[in-house]
Amino acid sequence: MKTKTVFGIALLVLCLATSCANKDTSIYIYDDFKTIHPNFKLTSKAVDDGELLDAYKCEEKVDDVENSIPLSWSNVPEGTKSLAVVMYHYPHKEDTSEINSYLLLWGINPSVSEIAYKMANNPNWYMGPNKDGTAISYTSPCSRGPGKHEYTIALFALSETPKLPKANTLDVDLNTFMKAIPEDIVIDRTTLNFIASN
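As a starting point, this report considers the structure included with it.

Definitions and limits used
Residues numbered from 1 in each chain as written. Predicted model: local features only at pLDDT ≥ 70, side-chain atom pairs only at ≥ 80, totals over all residues. Heavy atoms only, no water. Helix = DSSP H or I, 4+ residues; strand = E, 2+ residues; numbered from the N terminus. Contact = heavy atoms within 4.5 Å. Areas by Shrake-Rupley, 256 points an atom, 1.4 Å probe, with all protein chains shown as cover. Phe/Tyr/Trp six-rings, centres within 6.5 Å; stacked < 30°, edge-to-face > 60°. Core = buried A, V, L, I, M, F, W, Y, C linked by side-chain atoms within 4.5 Å. Buried < 20%, exposed > 50% of the residue type's maximum accessible area, 1.4 Å probe, protein only. Pairing = 2+ DSSP bridges. Disulfide = S-S within 2.5 Å.

In terms of helices and strands, the chain carries 2 helices and 12 strands. If you list the helices and strands of the chain from N to C, you get α-β-β-β-β-β-β-β-β-β-β-β-α-β. Across the chain, every contact between residues at least 6 apart in sequence was considered, and the portion connecting residues at least 24 apart equals 74%. Surface accessibility of the chain: about 10,100 Å² in total, with carbon and sulfur atoms responsible for 48%.

Structure below.
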């Protein structure tokens, strides 16, 4: 049975740029997705009681590369052929037309159950660019604005490996990434939501 008939969600169409008129910037985000397998869980020792620990904020950049957040997960659904991870944030809470990407990973073998701190860039899977598109890297939350900022890390269990380059590349931005995981290959999605406060 296709995932579409399982969860029947409407895709949320977003625009990554201030103007969409001259380029294809529509993106599909599964914000309304309800995890199908309740035991499919994503966690991080960097998050305590829904808040990112200070030690993992504003990681030092070395050659434009930052240490990545530690992640672990359990109970990958049966039939999963590939895992993918995306981390994102809406810089303006009430405006989902703008979205920032902090981590893009694909081609992760379903036997993998964790990514250690600093180890998101691993030869066993593929990684996309940092938030600014300048390096193959994770970007740590480091907002200078006041208040609390919400972030989402989503782990996708897929029935096939996304049709993306089998290499680390700056060319796979969030738009390209999400288009490569249409709903009919999504077996399940679990999320870790957290706050980074200043």
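Okay, the packing of aromatic side chains next. What the rule picks out here adds up to 8 aromatic pairs. What links up through ring pairs into an aromatic cluster is the set Tyr-30, Phe-33 and Phe-156.

We now examine the nonpolar core. Core analysis: the largest hydrophobic core is formed by 31 residues, its most contacted members being Trp-73, Leu-103, Leu-105, Ile-108 and Ile-153. Looking at this core, the elements with two or more residues in it are β6 (71-74), β7 (82-89), β8 (100-108), β11 (148-158) and β12 (186-197). In this structure Ile-153 touches Leu-42, Ile-69, Leu-71, Val-85, Val-86, Met-87, Thr-190, Thr-191, Leu-192 and Phe-194, once residues within four positions along its chain are discounted. With 22 residues, the next largest nonpolar core counts Ala-84, Phe-177, Met-178 and Ile-181 among its residues.

Moving on: the sheet that holds strand β9 (residues 114-115). Judged by pairing direction, the sheet is antiparallel, and its 3 strands sit side by side in the order β3-β6-β9 without closing on themselves. Lying at the two open borders of the sheet, with one neighbouring strand each, are β3 (41-43) and β9. Examined bridge by bridge, β6 and β9 share 2 bridges and lie antiparallel to one another. Bridge assignment links Leu-71 to a residue of β9, and that residue is Ile-115.

Taken as a whole and judged by the stated rule, the model has 1 disulfide. Disulfide partner of Cys-58: Cys-142, at an S-S distance of 2.0 Å. Taking the torsion about the S-S bond as the criterion, the Cys-58 to Cys-142 disulfide, at about 100°, is right-handed. In this pair, Cys-58 is assigned in the loop between β5 (51-52) and β6 and Cys-142 in the loop between β10 (126-127) and β11, connecting sequence segments 84 residues apart. We classify Cys-58 as partly exposed; its relative accessible area is 34%. In this structure Cys-142 comes out as partly exposed when scored by relative accessible area, which is 27%.

Without other data, these values stay purely geometric and don't point to any function.
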